[in-house]
Structure formats: structure tokens, C-alpha cells
Amino acid sequence: MRWMSFRWLSNTLLSVQNPALANRVVLFRGVGFGTTHRSMDRNREEQLIAKEINVKFKPEVNQVQEILVTNSFGGWEKCWEQGLTPWDLGQPTPALLHLHHTGSLPKGRTLVPGCGSGHDVVAIACPERYVVGLDVSDKAIKKAEELSSLSPNANCFTFLRADFFSWHPSELFDLIFDYTFFCAIEPEMRSRWAMQIQNLLKPDGELITLMFPIDDHIGGPPYKVSVSDYEEVLCPLGFKAVFVADNELAIKARKGREKLGRWKRSSIQSSM
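From a predicted model like this one, the values you see are computed outputs, not experimental measurements.

A. Examining the sheet that holds strand S1 (residues 110–113) more closely. The seven strands lie next to each other as S3-S2-S1-S4-S5-S7-S6, forming an open sheet whose pairing is mixed. Edge positions in the open sheet fall to strand S3 (157–161) and strand S6 (239–246), since each of these has one partner strand only. Looking at each pair of strands side by side, their axes are set apart by 20° on average, direction ignored. Pairing between strand S4 (residues 173–179) and strand S5 (residues 201–211): six bridges, direction parallel. Its bridge partner being in S5, Ile-176 is matched across the sheet by Leu-207. The sheet strands contacting helix H8 (residues 190–200) are S1, S4, S5, S6 and strand S7 (259–265), and the helix crosses S5 at an angle near 140°.

B. Representation of the side chain of Thr-110. Structurally, Thr-110 is set in strand S1. Residue Thr-110 is classed as buried on the basis of its relative accessible area, which comes to 0%. Looking at Thr-110, its side chain comes within polar contact range of the main-chain oxygen of Gly-108, at 3.4 Å.

C. Region of interest: the pairing of strand S2 (residues 131–135). The element S2 is extensively covered by neighbouring structure, given that five of its five residues are classed as buried. Burial of the side chains of S2 extends over both faces: Val-131, Gly-133 and Asp-135 are buried on one face and Val-132 and Leu-134 on the other. Inspection of the sheet shows S1 paired to S2 by four bridges, in the parallel sense. Bridge pairing in S2 links Thr-110 to Val-131. A crossover connection joins S1 to the parallel S2 through helix H6 (residues 119–124); in handedness this β-α-β unit is right-handed.

D. The arrangement of H8 in detail. Within H8 the residues assigned to the buried category are Arg-190, Trp-193, Ala-194, Gln-196, Ile-197 and Leu-200. Summarising the axial view, the buried residues of H8 lie within an arc of 165°, below the 170-degree limit, and thus occupy one face. Its buried side turned inward, H8 meets S1, S4, S5, helix H9 (227–234) and S6.

E. Summary view of the confidence of the model for the protein chain. Counting all residues, the mean pLDDT for the protein chain is 82, and 76% of those residues have values of 70 or more. Overall, residues 2–39 carries pLDDT values under 50, and its contacts beyond four positions in sequence, including any with other chains, amount to 138 contacts.

F. Focus on the side chain of Arg-129. With respect to the helices, strands and loops of the structure, Arg-129 is situated in the loop between H6 and S2. Buried and without a salt bridge, Arg-129 has Glu-128 as its closest oppositely charged side chain, separated by 6.7 Å. A polar contact is formed between the side chain of Arg-129 and the backbone oxygen of Leu-105, at a distance of 3.0 Å. Polar contacts involving the side chain of Arg-129 include one to the main-chain carbonyl oxygen of Pro-106, which spans 2.8 Å. Look past the residues within four positions of Arg-129 in its chain and what remains in contact with it is His-100, Leu-105, Pro-106, Lys-107, Gly-108, Thr-110, Ile-124 and Cys-156.

Conventions and cut-offs
- Residues numbered from 1 in each chain as written.
- Predicted model: local features only at pLDDT ≥ 70, side-chain atom pairs only at ≥ 80, totals over all residues.
- Heavy atoms only, no water.
- Pairing = 2+ DSSP bridges.
- Helix = DSSP H or I, 4+ residues; strand = E, 2+ residues; numbered from the N terminus.
- Axes fitted to C-alpha atoms, helices over the stretch in contact; angles between N-to-C directions.
- Contact = heavy atoms within 4.5 Å.
- Buried < 20%, exposed > 50% of the residue type's maximum accessible area, 1.4 Å probe, protein only.
- Polar contact = N/O pair within 3.5 Å; in protein donor to acceptor, adjacent residues only side chain to side chain.
- Right-handed = clockwise from strand over helix to strand, strands pointing away.
- Arc of directions from axis to C-beta.
- pLDDT = per-residue confidence, 0-100.
- Lys, Arg positive; Asp, Glu negative; His and termini not counted.
- Salt bridge = Lys/Arg side-chain N within 4 Å of Asp/Glu carboxyl O.

Right, dumping it as C-alpha cells:
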């Protein structure tokens with residue numbers, strides 16, 4: 001999956017109605033403030049509702065959400081079977097490709113969780129960087145293998161079907177790249193995500209995250225994210241953001257809703 005196994009999403013969503021916000025409008029009106037305060041509260045709530053409604057995703061995203069609601073265990077596999085993969089760019093992630101071409105990407109063993117079709121895996125694999133693409137969907141892994149079967153660097157990467165959260169590889173990684181995986185898992189699972197990142201990464205390794213979607217929509221996947229969401233689960237484990245910036249190379253549909261983050265463990269944590 002390019003969400004839970006994955007990475008994801010261009011143009012995306014549907015109109016989102018938020019009854020909870022509408023209820024809060026009623027509650028504000030009944031609080032008993034003066035007319036001016038009631039008017040200000042009402043305007044503020046109406047602005048929030050308008051903001052929610054203006055968040056748009058591809059219609060396919062709604063279909064994916066419906067599948068996952070009815071089939072929480074095999075939902076991602078079903079999405080791949082039906083060709084519902086709105087998170088899949090159909091090409092390597094531009095920002096990752098830029099880091100690779102400019103020599104700014106760490107060498108060594110690299111993990112791409114939720115690799116989906118495997119475009120990123122193949123794009124950054126080289127003799128100095130062996131890349132493992134991991135996905136929970138068997139269909140996604142088969143597609144990745146088919147698309148990469150004639151790649152000249154085929155001996156520099158591999159694809160594995162496995163559950164990221166229960167996977168125990170024999171070797172740790174120098175680099176982990178996460179894009180549209182963090183946003184695909186339920187927010188309650190983010191602490192487990194961070195702990196597994198810690199378990200899989202070498203003490204001096206690096207985590208690179210493309211944080212998306214940074215907006216105010218309700219529900220998911222994809223679930224909205226923020227820099228603080230990552231900090232909340234990573235910092236207690238000794239990780240520190242050494243670089244965070246807007247992703248200027250984001251595709252048009254995601255411009256302004258992505259940030260690139262680079263994370264390292266503190267020297268004290270790394271030496272433990």
C-alpha cells in the first residue's frame with residue numbers, strides 16, 4: 001500500500017461535512033455571552049466549517065476509506081486489487097530523487113516502508129545503498145517486482161511483503177524514508193510507528209520524513225499531520241529534527257501541504 005504500506009496522494013478528497021463543528025456552533029450560541037461575543041464565535045465556527053468543506057481529495061480516496069472501514073485487515077490488499085491507489089504518484093518522489101542526485105542522501109542499508117509500486121526504492125538504489133521496499137500488500141509487492149524486473153540496478157534492492165509493525169529483520173538500517181505511511185496509519189498507532197523506527201534504525205542512522213497532508217481535514221486515511229505530531233512520538237525516543245522545511249519540489253496538488261524533515265538521535269541516545 002502506499003499508505004500503510006505506502007506513500008501517497010495527489011489531487012485528492014471530497015467535500016467534507018463536519019457535524020461536530022456544526023454542533024459546536026449551536027453550543028456557542030447557547031453559552032449566554034453578549035451579542036457581540038456570540039457573533040464573533042459564530043463567525044469563527046463558520047470559518048472553520050468553510051475551511052473543512054474546502055479540503056478536497058480525489059473521489060478514489062473516499063472509496064479507499066469505505067473499503068478500510070468494512071475490511072480493516074485485508075483492506076489495503078483489496079485497494080490494490082481494485083486499482084484504488086490514489087497515493088501512488090506513478091513515479092519517484094521528486095524531493096527524494098533530488099537528495100539522491102545531489103549526494104545528500106545517506107548511503108548504506110535503506111528501508112522504505114509502505115513502498116507500494118516501488119518507484120522510490122528503485123530510484124535511489126545503487127551499489128552504495130541497498131534498499132528494502134516493505135509493504136503489507138502482496139499485490140503491491142508483485143507489482144513492484146514486475147515494474148522493476150528489468151532495472152539495471154536490480155541487485156541493489158529487494159521487495160518484501162511484511163507487516164512493518166511486527167517485522168524483525170536480521171540487520172538494521174542506516175536510513176529510513178517515510179512518505180504517506182505515517183499519515184495512513186490511525187493516529188493511535190503513531191507511537192508504535194516511532195518505536196518500530198527506533199528498533200529498525202542504527203543508532204547513528206537517519207529518518208527522513210515527507211510530512212503530508214499538513215492541513216485541517218477530518219478523518220482518514222490519509223490523516224492530517226503536523227510537525228508537532230512527529231515530534232510528539234519521536235522526541236521522547238531521543239530523536240531530534242535536524243532539518244525541517246517546506247517541500248518546494250512537491251507535486252502541484254500537494255504544494256503547501258508538505259514538509260521535509262530529517263531526524264537523528266541525540267549523541268547521548270545514540271551512545272546508549
